[in-house]
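Now for the letters of each chain:
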Amino acid sequence: MNPSAAGWIIKYGRDLDAGKFQVLPPDQLYSILLRSGFIYGTSVTTVVDSSPTLSYSEEEITKINLFTALASIYYDTIENSSFQNFIDTLNEFYELINVRKSTFSFLKNWSGKPSEKLESIIHNRIQTTESPLKKNFSHLVTNALLFIDVLAFDHFLMNEEHPIQFASDLENLVSKTVLLALESKMQKNHSDELLIYLFANSVRYTTTSSNQKVLLKDLNLNLLQETFEKQYILDLVSLALWTDTYLDPREDAFVTTLGKKLQVPHTWVKECVAHVDQFITKHKNQIAYFNYSNPAHHFYKHSLRTVRILILRNKKRLLTEITESKDLVILLKQSTLRDLSEEERKKVRQQLLDICKSIPSFAIFIMPGGSLLLPVLIKFIPKLLPSAFNENTH
């Protein structure tokens, strides 16, 4: 299953029907989403066993995890339903919560298949309108709020009412609680100020401002009825307060008071704080927000990972194109034994760019500055082996 190619949702349905993986029961769904990083806005693993032959990007993992969570909620609530009914219901849900018309402006006049429409919605759901550099940071918060879609979809299925009010109230509550947590810090650094800005500007259904002064006692926490709704807000607060394994006295007092207002055991609070510390300690290098001090370096690293994935997916076609260019093959072989002259390097770059033009997925190389990534392509050429071009058709 390739979440960046058309037809991946239908492929998901076929794999589901074939028993290759199962949707998750509610008592397991949240804990697995948490371990995957989805709750924290940075998915590092998929919550289902998917393709063993593809190396997924973070964006693709997020797509799979969001769709799996929505499917799990649907099949737990609606018994004996079909995959097509699930797709239709999910499309209906997203049309109802499309309060910012520009987000899904293509919905109104969509004429394609319902599954393709849903693929476009989910793709746009995990995007931001920021520039490529800023996007690496804002997506942490935007994707951390994706679980609100799952909770709102559950509410929509259970109550059979328009979901926008619940989604708006929930997003408003989560955002204000997290902003209050950040304000509770005794000392705020540049990263904290950035996080405050991102939370205030990543909401989808409401308008939240860090200048809106509220107190914890003013928040309507009674909106949170389900166990995982309460854990979700505790986990996001723990994420916001994370600073190298400890909480200062004011932070500890805030999260303890929040736990009491949510009427959950204090052990829950400790577990949420401990888990976010373990996750960030293990995956810190993969989380864009913590690389803010050097955004250009992080953006380049992110591009290298993307290029590597593209190369591995298109290696059969790429290898065919390269072997048909005898001069290029000779120069590439010689480059492993000696330094090429400037003229030879120009020839290699030009011929590789010509080849990339014939493979749509390699548009990144043709964009301004794309030639800077060509050394990565050269590095992986010796490792090329035949593979399927699009797994979604098999």
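What counts, and at which threshold
Residues numbered from 1 in each chain as written. Predicted model: local features only at pLDDT ≥ 70, side-chain atom pairs only at ≥ 80, totals over all residues. Heavy atoms only, no water. Helix = DSSP H or I, 4+ residues; strand = E, 2+ residues; numbered from the N terminus. Buried < 20%, exposed > 50% of the residue type's maximum accessible area, 1.4 Å probe, protein only. Contact = heavy atoms within 4.5 Å. Areas by Shrake-Rupley, 256 points an atom, 1.4 Å probe, with all protein chains shown as cover. Expected span 1.5 Å × (residues − 1). Salt bridge = Lys/Arg side-chain N within 4 Å of Asp/Glu carboxyl O. Axes fitted to C-alpha atoms, helices over the stretch in contact; angles between N-to-C directions. Parallel < 35°, antiparallel > 145°, perpendicular 65-115°, else oblique. Nonpolar A, V, L, I, M, F, W, Y, C, P; charged D, E, K, R; others polar. Core = buried A, V, L, I, M, F, W, Y, C linked by side-chain atoms within 4.5 Å. Polar contact = N/O pair within 3.5 Å; in protein donor to acceptor, adjacent residues only side chain to side chain. pLDDT = per-residue confidence, 0-100.

Draft legend 1. Structural detail: the overall build of the chain. Scanning the chain for helices and strands turns up 18 helices and zero strands. Across the 394 residues of the chain, 51% fall into the buried class. Looking at the chain alone, contacts between residues at least 24 apart form 71% of all its contacts between residues at least 6 apart. For the chain, the exposed area adds up to about 19,300 Å²; of that, 52% sits on carbon and sulfur atoms.

Draft legend 2. Spatial organisation of unusual backbone geometry. Of note, Asn80 is a non-glycine position whose phi angle comes to about 55°, a positive value. Residue Asn80 is classed as exposed on the basis of its relative accessible area, which comes to 82%. Phi is positive for Glu160, close to 50°, though the residue is something other than glycine. With respect to the element layout, Glu160 can be found in the loop between helix 7 (147-159) and helix 8 (164-183).

Draft legend 3. Structural context of helix 10 (residues 227-241). The end-to-end C-alpha distance of helix 10, which contains 15 residues, comes to 21 Å, matching closely the 21 Å that a straight helix rising 1.5 Å per residue would cover. Counting buried positions along helix 10 yields 13 of 15 residues, so the element is predominantly enclosed.

Draft legend 4. Geometry of the pattern of salt bridges. Per the counting criterion, the structure on display carries five salt bridges. Glu95 serves as the salt-bridge partner of Lys117, at 2.5 Å between the closest nitrogen and oxygen. Of the two residues, Lys117 sits in helix 5 (residues 114-125) while Glu95 sits in helix 4 (residues 83-96), which places them 22 residues apart along the sequence. Residue Lys117 is classed as buried on the basis of its relative accessible area, which comes to 10%. For Asp218, the salt bridge goes to Lys217, with nearest N and O atoms at 3.5 Å.

Draft legend 5. Structural detail: the packing of helix 4 against helix 7. Across the interface, helix 4 lies against helix 7 with an axial gap of 11 Å and an inter-helix angle of 110°. What the angle tells us is that helix 4 and helix 7 run roughly perpendicular. Contacts from Phe86, Thr89, Leu90, Glu92, Phe93, Tyr94 and Leu96 of helix 4 reach helix 7 at Asp149, Ala152, Phe153, Phe156 and Leu157. Residues of the contact of helix 4 with helix 7, tallied by class, amount to nine nonpolar, one polar and two charged.

Draft legend 6. Seen up close, the nonpolar core. Among the nonpolar cores identified, the biggest contains 84 residues, and Phe67, Phe147, Phe153 and Tyr232 are the most heavily contacted of them. Within the second largest apolar cluster, 14 residues are counted, among which are Leu310, Ile322, Leu332 and Cys356.

Draft legend 7. View of the side chain of Ser184. By the element assignment, Ser184 lies in the loop between helix 8 and helix 9 (190-201). With relative accessibility at 9%, the residue Ser184 sits in the buried group. Reaching out from Ser184, the side chain makes a polar contact with the backbone oxygen of Ala181 at a distance of 2.5 Å.

Draft legend 8. Here's a closer look at the environment of Asn2. Position of Asn2 among the secondary structure elements: in the segment before helix 1 (8-17). By relative accessible area, which is 7% here, Asn2 ends up buried. As for Asn2 and Ser55, which are separated by 53 residues in sequence, their C-alpha atoms are 9.5 Å apart.

Draft legend 9. Fine view of the confidence of the model for the chain. With 69% of its residues at a pLDDT of 70 or more, the chain shows a mean pLDDT of 76. No element of the chain has a lower mean pLDDT than helix 6 (residues 132-144), which averages 49, and none a higher one than helix 4, which averages 94. Counted against residues more than four places away or in other chains, residues 128-140, with its pLDDT under 50, gives 35 contacts.

Draft legend 10. Structural context of the environment of Ser238. One can find Ser238 in helix 10. On the basis of relative accessible area, Ser238 is assigned to the buried category, the value being 4%. Spatially, the C-alpha atoms of Ser238 and Ala181 are 8.7 Å apart, while their sequence positions differ by 57 residues. Once residues within four sequence positions are removed from consideration, Ser238 is found in contact with Cys272, Val273 and Val276.

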